[in-house]
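Read off the chains here:
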Amino acid sequence: MKKVLFLLALAAASLSASAQTKTTTATTQAAPAGYQSMMAATIQELMQTGDPAALKASAAKLERAATVAPTDWLPRYYQAYALTTCANTGPLKETDQVLDQAEAALAQARKLGGDESELLTLQARIDQSRIRVDFMGRGQEYAGRATEAANRARALNPANPRPYLILANNVYHTPAAYGGGAAAAKSLFEQAKVKFDAFQPASVLAPNWGKNQVLDFLKSSGAAIN
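All residue numbers refer to position in the chain's written sequence, counted from 1. Since the coordinates come from a predicted model, pLDDT governs what is reported: local features require at least 70, and pairs of side-chain atoms require 80 or more to be given and counted, while whole-chain, interface and lining totals use all residues. Water and hydrogen atoms play no part in the side-chain values, which are based on all heavy atoms of the structure.

1. Side note on the environment of Asp51
Then step 1. Under the scheme used here, helices are H or I runs from DSSP no shorter than 4 residues and strands are E runs no shorter than 2 residues, and both carry numbers assigned from the N terminus. Along the polypeptide, Asp51 turns up in the loop between α2 (35-47) and α3 (52-68).
Then step 2. Once the C-alpha coordinates of Asp51 and Cys86 are considered, the two residues, 35 residues apart in sequence, prove to be 7.2 Å apart.

2. With respect to helix α9 (residues 182-198)
Then step 1. To estimate how far a helix should reach, multiply one less than its number of residues by 1.5 Å. In this model, α9 (17 residues) spans 24 Å end to end at C-alpha, consistent with the 24 Å of a helix rising 1.5 Å per residue.
Then step 2. When we look at burial in α9, the residues that qualify are Ala185, Phe189, Ala192, Lys193 and Phe196.
Then step 3. Contact criterion: two residues are considered in contact whenever any of their non-hydrogen atoms come within 4.5 Å of each other. Turning to α9, the residues buried within the fold contact α8 (162-172) and α10 (211-221). In this scheme, a residue with accessible area under 20% of its type's maximum is buried, one over 50% is exposed, and one in between is partly exposed, where area comes from a 1.4 Å probe on protein chains only.

3. Quick look at the nonpolar core
Then step 1. One finds Met39, Leu46, Tyr77, Tyr78, Phe189 and Val214 to be the most contacted residues of the largest nonpolar core, which totals 40 residues.
Then step 2. Counting residues per element, the ones that place at least two in this core are α2, α3, α4 (74-89), α5 (95-111), α6 (116-130), α8, α9 and α10.
Then step 3. If one sorts the elements of this core by residue count, α4 sits on top with 9 residues.
Then step 4. Every residue in contact with Met39, bar those within four places of it in the chain, is listed here: Leu62, Ala65, Leu74, Pro75, Tyr78 and Leu205.
Then step 5. Membership of the second largest hydrophobic core comes to 6 residues, among which are Ala146, Ala149, Ile166 and Leu167. The nonpolar core is taken to be a set of buried Ala, Val, Leu, Ile, Met, Phe, Trp, Tyr and Cys residues, with the residues joined through side-chain atoms within 4.5 Å.

4. Quick notes on the layout of surface pockets
Then step 1. Taken as a whole, the largest pocket encloses approximately 790 Å³ of empty space.
Then step 2. Here a cavity denotes grid points, spaced 1 Å and computed from the protein atoms alone, that fit a 1.4 Å probe unable to get out, and a pocket denotes an open set having protein on both sides within 12 Å along at least 5 of 7 lines; residues with an atom within 4 Å of a point are the lining. Looking at the largest pocket, it is lined by 25 residues, and the ones nearest its centre are Ile131, Phe135, Asn169, Asn170 and His173.
Then step 3. Of all the elements in the fold, those that place two or more residues in the lining of the largest pocket are α6, α7 (135-156), α8 and α10.
Then step 4. Ten residues, namely Ala, Val, Leu, Ile, Met, Phe, Trp, Tyr, Cys and Pro, are considered nonpolar, four, namely Asp, Glu, Lys and Arg, are considered charged, and the remaining ones, Gly among them, are considered polar. Here the lining of the largest pocket is composed, by residue class, of 12 nonpolar, 10 polar and 3 charged.
Then step 5. Here the second largest pocket is characterised by a volume of approximately 390 Å³. Grid points are joined across faces, edges and corners, and a volume is the space filled by probe spheres set on the points.

5. Things to note about the packing of α3 against α4
Then step 1. Where α3 contacts α4, the two axes come as close as 8 Å, and the packing angle between them is 165°. In this view, α3 runs roughly antiparallel relative to α4, as classed from their interaxial angle. The element α3 and its partner α4 pack so that their crossing is left-handed. Contact residues: α3 offers Pro52, Leu55, Lys56, Ala59, Leu62, Glu63, Ala65 and Ala66, while α4 offers Pro75, Arg76, Tyr78, Gln79, Ala82, Leu83, Thr85, Cys86 and Thr89.
Then step 2. Taken together, the residues of the contact of α3 with α4 sort by class into 11 nonpolar, 3 polar and 3 charged. An axis is simply a line fitted to the C-alpha atoms; with a helix, the fit covers only the stretch in contact. Between two such axes, the angle follows the N-to-C directions and lies from 0 to 180 degrees. Small angles under 35 degrees read as roughly parallel and large ones over 145 as roughly antiparallel, with 65 to 115 read as roughly perpendicular and the rest as oblique. Here a crossing is taken to be left-handed if its near helix is turned anticlockwise relative to the far helix by less than a right angle, and right-handed if that turn runs clockwise.

6. Observations regarding the environment of Tyr77
Then step 1. In this fold, Tyr77 is placed in helix α4.
Then step 2. Looking at Tyr77, the relative accessible area reads 0%, which means it is buried.
Then step 3. Along the primary structure Tyr77 and Ala105 are separated by 28 residues, whereas in three dimensions their C-alpha atoms are 6.7 Å apart.
Then step 4. Discounting residues that sit within four places of it in the chain, Tyr77 has contacts with Ala109, Glu118, Leu119, Leu122, Pro207 and Trp209.
Then step 5. Among the polar contacts listed, one links the side chain of Tyr77 to the side chain of Trp209, at a separation of 2.8 Å. Under the rule applied, a polar contact is a pair of N or O atoms within 3.5 Å (in protein, one hydrogen donor and one hydrogen acceptor; residues adjacent in sequence only if both atoms are side-chain atoms).

7. Re the pattern of salt bridges
Opposite charge on two side chains permits them to pair, given that their charged atoms come into close proximity.
Then step 1. By convention in these notes, a salt bridge is any Lys or Arg side-chain nitrogen within 4 Å of a carboxyl oxygen on Asp or Glu. Scanning all chains against the criterion turns up 11 salt bridges.
Then step 2. Between Arg130 and Glu103 there is a salt bridge, and its shortest N-O distance comes to 2.7 Å. Note that Arg130 is positioned in helix α6 and Glu103 in helix α5, a separation of 27 residues in sequence.
Then step 3. For Arg130, a relative accessible area of 6% gives the class buried.
Then step 4. Classification of Glu103 by relative accessible area gives partly exposed; the value is 27%.
Then step 5. Taken together, the shared-partner salt bridges in this structure form one network comprising Asp96, Asp100, Glu103, Arg130 and Arg138.

8. Considerations on the packing of α9 against α10
Then step 1. Two numbers describe how α9 lies on α10: the axes approach to 9 Å, and their chain directions differ by 135°. Taken as axis vectors, α9 and α10 run oblique relative to one another. When you trace α9 past α10, the crossing you get is left-handed. Along the contact surface, α9 presents Ala182, Lys186, Phe189, Glu190, Ala192, Lys193, Phe196 and Asp197, while α10 presents Lys211, Val214, Leu215, Phe217, Leu218 and Ser221.
Then step 2. Residue classes in the contact of α9 with α10 are distributed as 8 nonpolar, 1 polar and 5 charged.

Encoded structure:
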């Protein structure tokens, strides 16, 4: 009986060691040497350009990053961000195709357990971007979708400033006859600035975009900026 118990204990220890080895391997695959610095450099690149070719190159880098860090949601998130920005600046005829790619990357980030408030905010940005193809035909539907997603993102994390930016942009781009325009959006941009001033990203790679857009609007509108 003692021999049987000893063998069972030995087997359990062996399985535990094997599981630890697999966990260590997975962790190594998720964050190889130089991964964080590579990601930081790529994020900086895509945040500083509006050139479609450069944005597509950044998206390709991030797709490769996703293959070497398969458990990290951030490469797919930033891939979606890069493609969304590309869709806003590239040829109009390619907009929907590029946004479809962005949504596919965003879906992968969600499967990996990404920050839902940030994912919903980026989904709202994608919805806003689809209006570009047909403002009259799509404006009401996709602005509504963006508003819904941004409100859900804000409810999940009231400290996240990016949903406030999405909502402000929605109002800004709505015709004044329907309650939109710069004057109507100004207070929302001011509220977004307060949120950005207080915001602290969770890590050096965590989403931290949007403040410059708020400041640009407030500067152009003549609002005082501290």
